[in-house]
Amino acid sequence: MNDQTTLVAQLAESLAGDATAERAEKEKRYLKSDLRFIGASVPAVRRVARTFVAAHPALTVDDLKGLVDALWNTHTHELRSVGIAVLELRSELLRQSDLGWLKSLVNRSTTWAHVDWLAIKVVGALATRVPAVESDLDEWSAHTNFWVRRSALLASHDPLAAGQGDFEHFERRAVLMLQEQEFFIRKAIGWVLRSTCKKTPLRTIGFVERHAGEMSALTFREATRALEPSQQQRLQRLRANR
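Now for a look at the structure at hand.

Calculation notes
- Residues numbered from 1 in each chain as written.
- Predicted model: local features only at pLDDT ≥ 70, side-chain atom pairs only at ≥ 80, totals over all residues.
- Heavy atoms only, no water.
- Helix = DSSP H or I, 4+ residues; strand = E, 2+ residues; numbered from the N terminus.
- Rg over C-alpha atoms; globule rule 2.2 N^0.38 Å.
- Buried < 20%, exposed > 50% of the residue type's maximum accessible area, 1.4 Å probe, protein only.
- Contact = heavy atoms within 4.5 Å.
- Areas by Shrake-Rupley, 256 points an atom, 1.4 Å probe, with all protein chains shown as cover.
- Core = buried A, V, L, I, M, F, W, Y, C linked by side-chain atoms within 4.5 Å.
- Phe/Tyr/Trp six-rings, centres within 6.5 Å; stacked < 30°, edge-to-face > 60°.
- 1 Å grid on protein atoms, 1.4 Å probe; cavity = no way out; pocket = protein on both sides within 12 Å on 5 of 7 lines; lining within 4 Å.
- Points joined across faces, edges and corners; volume = space filled by probe spheres on them.
- Axes fitted to C-alpha atoms, helices over the stretch in contact; angles between N-to-C directions.
- Parallel < 35°, antiparallel > 145°, perpendicular 65-115°, else oblique.
- Left-handed = near helix turned anticlockwise from the far one by under 90°.
- Salt bridge = Lys/Arg side-chain N within 4 Å of Asp/Glu carboxyl O.
- Polar contact = N/O pair within 3.5 Å; in protein donor to acceptor, adjacent residues only side chain to side chain.

What to know about the overall build of the chain
Next up, step 1: Scanning the chain for helices and strands turns up 15 helices and zero strands.
Next up, step 2: Taken over the C-alpha trace, the chain has a radius of gyration of 19 Å; the compact-globule value for 242 residues is 18 Å, and the two agree within 12%.
Next up, step 3: Expressed along its principal axes, the backbone C-alpha trace of the chain runs to roughly 60 × 40 × 30 Å.
Next up, step 4: Across the 242 residues in the chain, those meeting the buried criterion constitute 51%.
Next up, step 5: For the chain, restricting intrachain contacts to residue pairs at least 6 apart in sequence, the fraction spanning at least 24 positions comes to 70%.
Next up, step 6: For the chain, the exposed surface amounts to about 11,300 Å²; the carbon and sulfur share of it is 52%.

As C-alpha coordinates, then:
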(Lines give C-alpha, C1' and ligand atoms only; values in the text may rest on other atoms or scores of the structure.)
Protein backbone atom coordinates (compact mmCIF):
# COMPACT_ATOMS: atom_id res chain seq x y z
CA MET A 1 0.00 0.00 0.00
CA ASN A 2 1.19 3.55 -0.75
CA ASP A 3 2.44 5.76 2.07
CA GLN A 4 -0.25 7.36 4.20
CA THR A 5 0.44 10.93 3.06
CA THR A 6 -0.07 9.95 -0.58
CA LEU A 7 -3.24 8.00 0.21
CA VAL A 8 -4.74 10.86 2.17
CA ALA A 9 -4.02 13.26 -0.70
CA GLN A 10 -5.62 10.84 -3.18
CA LEU A 11 -8.73 10.45 -1.02
CA ALA A 12 -9.02 14.22 -0.59
CA GLU A 13 -8.76 14.66 -4.37
CA SER A 14 -11.47 12.04 -4.91
CA LEU A 15 -13.79 13.91 -2.56
CA ALA A 16 -13.07 17.31 -4.08
CA GLY A 17 -14.95 16.51 -7.29
CA ASP A 18 -18.24 16.30 -5.41
CA ALA A 19 -17.58 19.15 -2.98
CA THR A 20 -19.21 22.55 -2.85
CA ALA A 21 -18.40 25.53 -0.67
CA GLU A 22 -22.10 25.94 0.09
CA ARG A 23 -22.38 22.40 1.45
CA ALA A 24 -19.21 22.82 3.48
CA GLU A 25 -20.56 25.95 5.16
CA LYS A 26 -23.99 24.42 5.75
CA GLU A 27 -22.64 21.19 7.27
CA LYS A 28 -20.14 22.99 9.47
CA ARG A 29 -22.90 25.22 10.80
CA TYR A 30 -25.36 22.33 11.28
CA LEU A 31 -22.87 20.17 13.18
CA LYS A 32 -21.45 23.14 15.13
CA SER A 33 -18.03 21.66 14.42
CA ASP A 34 -14.56 23.11 14.65
CA LEU A 35 -13.30 20.69 11.99
CA ARG A 36 -12.45 21.72 8.45
CA PHE A 37 -15.13 20.86 5.86
CA ILE A 38 -14.52 20.09 2.19
CA GLY A 39 -18.20 20.10 1.30
CA ALA A 40 -18.49 16.53 -0.05
CA SER A 41 -21.76 14.63 0.40
CA VAL A 42 -22.22 11.48 2.48
CA PRO A 43 -22.89 9.37 -0.66
CA ALA A 44 -19.59 10.65 -2.08
CA VAL A 45 -17.79 9.73 1.14
CA ARG A 46 -19.20 6.20 0.99
CA ARG A 47 -18.39 5.88 -2.72
CA VAL A 48 -14.78 6.95 -2.15
CA ALA A 49 -14.47 4.45 0.70
CA ARG A 50 -15.89 1.60 -1.39
CA THR A 51 -13.51 2.41 -4.25
CA PHE A 52 -10.56 2.47 -1.87
CA VAL A 53 -11.48 -0.87 -0.29
CA ALA A 54 -11.99 -2.50 -3.69
CA ALA A 55 -8.57 -1.27 -4.80
CA HIS A 56 -6.85 -2.61 -1.66
CA PRO A 57 -8.08 -6.17 -1.09
CA ALA A 58 -4.92 -7.11 0.82
CA LEU A 59 -5.40 -4.38 3.42
CA THR A 60 -4.06 -5.46 6.82
CA VAL A 61 -5.29 -4.29 10.20
CA ASP A 62 -2.09 -2.25 10.61
CA ASP A 63 -2.64 -0.65 7.19
CA LEU A 64 -6.22 0.11 8.18
CA LYS A 65 -5.32 1.69 11.50
CA GLY A 66 -2.46 3.67 9.98
CA LEU A 67 -4.72 5.11 7.30
CA VAL A 68 -7.48 6.04 9.73
CA ASP A 69 -4.99 7.71 12.08
CA ALA A 70 -3.64 9.73 9.16
CA LEU A 71 -7.18 10.72 8.14
CA TRP A 72 -8.00 11.70 11.73
CA ASN A 73 -4.93 13.91 11.88
CA THR A 74 -6.20 16.02 8.96
CA HIS A 75 -8.94 17.43 11.22
CA THR A 76 -11.15 17.36 8.12
CA HIS A 77 -14.70 16.15 8.60
CA GLU A 78 -15.15 14.26 5.33
CA LEU A 79 -11.72 12.62 5.48
CA ARG A 80 -12.47 11.34 8.97
CA SER A 81 -15.79 10.13 7.61
CA VAL A 82 -14.00 8.20 4.86
CA GLY A 83 -11.91 6.57 7.58
CA ILE A 84 -15.04 5.43 9.42
CA ALA A 85 -16.62 4.19 6.20
CA VAL A 86 -13.51 2.11 5.45
CA LEU A 87 -13.56 0.76 9.02
CA GLU A 88 -17.19 -0.25 8.57
CA LEU A 89 -16.43 -2.01 5.29
CA ARG A 90 -13.42 -3.87 6.72
CA SER A 91 -14.54 -4.26 10.34
CA GLU A 92 -13.78 -7.99 10.17
CA LEU A 93 -10.08 -7.09 10.42
CA LEU A 94 -10.52 -5.61 13.89
CA ARG A 95 -9.86 -7.60 17.08
CA GLN A 96 -10.68 -7.10 20.72
CA SER A 97 -7.16 -5.77 21.21
CA ASP A 98 -8.02 -2.91 18.83
CA LEU A 99 -10.79 -1.64 21.08
CA GLY A 100 -8.46 0.73 22.94
CA TRP A 101 -7.50 2.28 19.61
CA LEU A 102 -11.17 2.65 18.65
CA LYS A 103 -11.81 4.33 21.99
CA SER A 104 -9.05 6.81 21.23
CA LEU A 105 -10.82 7.72 17.97
CA VAL A 106 -14.07 8.31 19.84
CA ASN A 107 -12.23 10.24 22.53
CA ARG A 108 -10.74 12.52 19.88
CA SER A 109 -14.06 13.03 18.11
CA THR A 110 -16.07 16.17 18.62
CA THR A 111 -19.29 15.43 16.77
CA TRP A 112 -22.14 12.96 17.05
CA ALA A 113 -21.88 12.39 13.30
CA HIS A 114 -18.60 10.53 13.78
CA VAL A 115 -19.18 9.14 17.26
CA ASP A 116 -22.49 7.50 16.38
CA TRP A 117 -21.20 6.00 13.14
CA LEU A 118 -18.15 4.57 14.91
CA ALA A 119 -20.18 3.27 17.84
CA ILE A 120 -22.95 1.59 15.89
CA LYS A 121 -21.26 0.31 12.75
CA VAL A 122 -17.69 -0.33 13.90
CA VAL A 123 -17.60 -0.88 17.67
CA GLY A 124 -21.03 -2.51 17.59
CA ALA A 125 -20.02 -4.83 14.76
CA LEU A 126 -16.91 -5.87 16.69
CA ALA A 127 -18.94 -6.53 19.84
CA THR A 128 -21.38 -8.68 17.88
CA ARG A 129 -18.56 -10.71 16.37
CA VAL A 130 -16.47 -10.88 19.58
CA PRO A 131 -18.83 -11.01 22.60
CA ALA A 132 -15.93 -10.59 25.04
CA VAL A 133 -15.80 -6.95 23.91
CA GLU A 134 -18.90 -6.31 26.04
CA SER A 135 -16.78 -6.33 29.21
CA ASP A 136 -14.58 -3.59 27.74
CA LEU A 137 -17.63 -1.54 26.88
CA ASP A 138 -18.71 -1.74 30.51
CA GLU A 139 -15.56 0.23 31.31
CA TRP A 140 -16.45 2.75 28.60
CA SER A 141 -19.70 3.36 30.49
CA ALA A 142 -17.75 5.10 33.26
CA HIS A 143 -15.38 7.10 31.02
CA THR A 144 -14.96 10.81 31.71
CA ASN A 145 -15.73 11.69 28.08
CA PHE A 146 -19.48 11.54 27.47
CA TRP A 147 -18.87 10.60 23.82
CA VAL A 148 -17.21 7.39 25.00
CA ARG A 149 -20.10 6.71 27.38
CA ARG A 150 -22.57 7.36 24.56
CA SER A 151 -20.66 4.90 22.39
CA ALA A 152 -21.00 2.19 25.04
CA LEU A 153 -24.77 2.61 24.76
CA LEU A 154 -25.03 2.89 20.99
CA ALA A 155 -22.84 -0.15 20.35
CA SER A 156 -25.93 -2.21 21.26
CA HIS A 157 -28.22 -0.39 18.82
CA ASP A 158 -28.25 -2.57 15.71
CA PRO A 159 -28.54 -6.00 17.38
CA LEU A 160 -31.33 -4.77 19.66
CA ALA A 161 -33.13 -3.04 16.78
CA ALA A 162 -33.04 -6.39 14.94
CA GLY A 163 -34.71 -8.12 17.89
CA GLN A 164 -31.49 -9.77 19.00
CA GLY A 165 -28.60 -8.65 21.20
CA ASP A 166 -28.03 -8.72 24.95
CA PHE A 167 -30.70 -6.38 26.32
CA GLU A 168 -29.81 -7.07 29.94
CA HIS A 169 -26.26 -5.89 29.29
CA PHE A 170 -27.55 -2.71 27.64
CA GLU A 171 -29.92 -2.12 30.55
CA ARG A 172 -27.13 -2.37 33.11
CA ARG A 173 -25.14 0.28 31.25
CA ALA A 174 -28.12 2.51 30.67
CA VAL A 175 -29.27 2.43 34.30
CA LEU A 176 -25.87 3.72 35.39
CA MET A 177 -26.42 6.78 33.20
CA LEU A 178 -30.10 7.52 33.81
CA GLN A 179 -29.29 10.32 36.23
CA GLU A 180 -26.90 12.08 33.88
CA GLN A 181 -27.71 15.63 32.78
CA GLU A 182 -25.87 15.32 29.45
CA PHE A 183 -28.30 15.65 26.53
CA PHE A 184 -26.42 13.20 24.32
CA ILE A 185 -26.54 10.49 26.98
CA ARG A 186 -30.23 10.96 27.71
CA LYS A 187 -30.99 10.95 23.99
CA ALA A 188 -28.91 7.81 23.34
CA ILE A 189 -30.72 5.75 25.99
CA GLY A 190 -34.09 6.75 24.58
CA TRP A 191 -32.95 6.16 21.00
CA VAL A 192 -31.83 2.59 21.66
CA LEU A 193 -35.04 1.84 23.56
CA ARG A 194 -37.15 3.28 20.73
CA SER A 195 -35.31 1.18 18.15
CA THR A 196 -35.59 -1.92 20.36
CA CYS A 197 -39.34 -1.37 20.54
CA LYS A 198 -39.82 -1.99 16.82
CA LYS A 199 -39.11 -5.73 17.04
CA THR A 200 -39.30 -6.47 20.76
CA PRO A 201 -41.63 -3.91 22.39
CA LEU A 202 -41.84 -5.87 25.62
CA ARG A 203 -38.16 -5.19 26.24
CA THR A 204 -38.72 -1.44 26.01
CA ILE A 205 -41.93 -1.57 28.01
CA GLY A 206 -40.24 -3.61 30.74
CA PHE A 207 -37.33 -1.16 30.95
CA VAL A 208 -39.68 1.81 31.29
CA GLU A 209 -41.80 0.02 33.88
CA ARG A 210 -38.71 -0.70 35.97
CA HIS A 211 -37.10 2.73 35.64
CA ALA A 212 -39.86 5.23 34.83
CA GLY A 213 -39.15 7.27 37.95
CA GLU A 214 -35.45 7.59 37.16
CA MET A 215 -35.74 8.52 33.50
CA SER A 216 -35.47 12.09 32.31
CA ALA A 217 -38.39 13.49 30.35
CA LEU A 218 -36.26 13.36 27.18
CA THR A 219 -35.32 9.71 27.66
CA PHE A 220 -38.90 8.74 28.49
CA ARG A 221 -40.28 10.58 25.47
CA GLU A 222 -37.79 9.01 23.08
CA ALA A 223 -38.18 5.53 24.57
CA THR A 224 -41.97 5.46 24.32
CA ARG A 225 -42.41 7.29 21.02
CA ALA A 226 -42.96 4.11 18.94
CA LEU A 227 -45.37 2.48 21.40
CA GLU A 228 -49.12 2.33 20.96
CA PRO A 229 -50.85 5.42 22.42
CA SER A 230 -52.55 3.33 25.09
CA GLN A 231 -49.17 2.00 26.24
CA GLN A 232 -47.69 5.50 26.19
CA GLN A 233 -50.50 6.78 28.38
CA ARG A 234 -50.22 3.87 30.80
CA LEU A 235 -46.47 4.39 31.18
CA GLN A 236 -46.95 8.13 31.55
CA ARG A 237 -49.32 7.51 34.45
CA LEU A 238 -46.85 5.08 35.94
CA ARG A 239 -44.07 7.67 35.67
CA ALA A 240 -46.27 10.36 37.25
CA ASN A 241 -46.92 8.14 40.27
CA ARG A 242 -43.26 7.33 40.95
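Structural notes on the nonpolar core
Next up, step 1: One finds V82, L87, L94 and L102 to be the most contacted residues of the largest nonpolar core, which totals 46 residues.
Next up, step 2: Breaking this core down by element, the ones donating at least two residues are α1 (4–16), α3 (42–55), α4 (61–72), α5 (77–89), α6 (99–107), α7 (112–129), α8 (133–140) and α9 (146–154).
Next up, step 3: Here L94 is in contact with V61, L64, L87, W101, L102, V122, L126 and R129, once residues within four sequence places are set aside.
Next up, step 4: L160, A174, A188 and C197 belong to the second-largest nonpolar core, a separate cluster that totals 25 residues.

Notes on the packing of aromatic side chains
Next up, step 1: Tallied over the entire structure, the rule returns eight aromatic pairs.
Next up, step 2: Ring centres of F146 and F184 lie 6.0 Å apart, and the angle between their planes is 10 degrees; on these two criteria the pair is classed as stacked. Within this pair, whereas F146 is found in helix α9, its partner F184 is found in helix α12 (residues 183–197), the two being separated by 38 residues in sequence.
Next up, step 3: Classification of F146 by relative accessible area gives partly exposed; the value is 21%.
Next up, step 4: Judged by its relative accessible area of 22%, F184 falls in the partly exposed class.
Next up, step 5: Aromatic pair F167 and F207: ring centres 6.4 Å apart, planes at 80 degrees, arrangement edge-to-face. Within this pair, whereas F167 is found in helix α11 (residues 167–177), its partner F207 is found in helix α13 (residues 201–211), the two being separated by 40 residues in sequence.

As for the layout of surface pockets
Next up, step 1: A volume near 290 Å³ is recorded for the largest pocket.
Next up, step 2: If you trace the largest pocket, you find 15 residues lining it, with E27, V42, H77, S81 and A113 closest to the centre.
Next up, step 3: If you list the elements that add at least two residues to the lining of the largest pocket, you get α2 (21–31), α3, α5 and α7.
Next up, step 4: At four residues, α2 tops the list of elements feeding residues into the lining of the largest pocket.

Observations regarding the packing of α11 against α12
Two quantities define a packed helix pair, namely the angle between the axes and the distance from one axis to the other.
Next up, step 1: Put simply, α11 and α12 touch, their axes get as near as 10 Å, and they point 155 degrees apart. With respect to α12, the element α11 is oriented roughly antiparallel. Of the two possible hands of crossing, α11 and α12 adopt the one that is left-handed. Of the residues in α12, those in contact with F167, F170, A174 and M177 of α11 are I185, I189, V192, L193 and T196.

Concerning the packing of α6 against α9
Next up, step 1: Between α6 and α9, whose axes approach to 8 Å, the crossing angle comes to 125 degrees. One way to sum up the angle between α6 and α9 is to call them oblique. When you trace α6 past α9, the crossing you get is right-handed. Seen from α6, the contacting residues are K103, V106 and N107; seen from α9, they are W147, V148 and S151.

Digging into the pattern of salt bridges
Next up, step 1: Evaluated as defined, the whole model comprises 16 salt bridges.
Next up, step 2: Across the pair R173 and E134 runs a salt bridge, and its minimum N-O distance is 2.3 Å. Highlighted residues: R173 in helix α11 and E134 in helix α8, separated in sequence by 39 residues.
Next up, step 3: For E222, the salt bridge is made with R194, and the minimal N-O distance between the two is 2.3 Å. Pair noted here: E222 is in helix α14 (residues 217–224) and R194 is in helix α12, with a separation of 28 residues, a long-range link.
Next up, step 4: Salt bridges sharing common partners tie together K187, R194, E222 and R225.

So, the side chain of E222
Next up, step 1: Assessed through its relative accessible area of 2%, E222 is described here as buried.
Next up, step 2: In this structure the side chain of E222 is engaged in a polar contact, spanning 2.3 Å, whose partner is the side chain of R194.
Next up, step 3: Leave out the neighbours within four places in its chain, and E222 touches K187, G190, W191 and R194.

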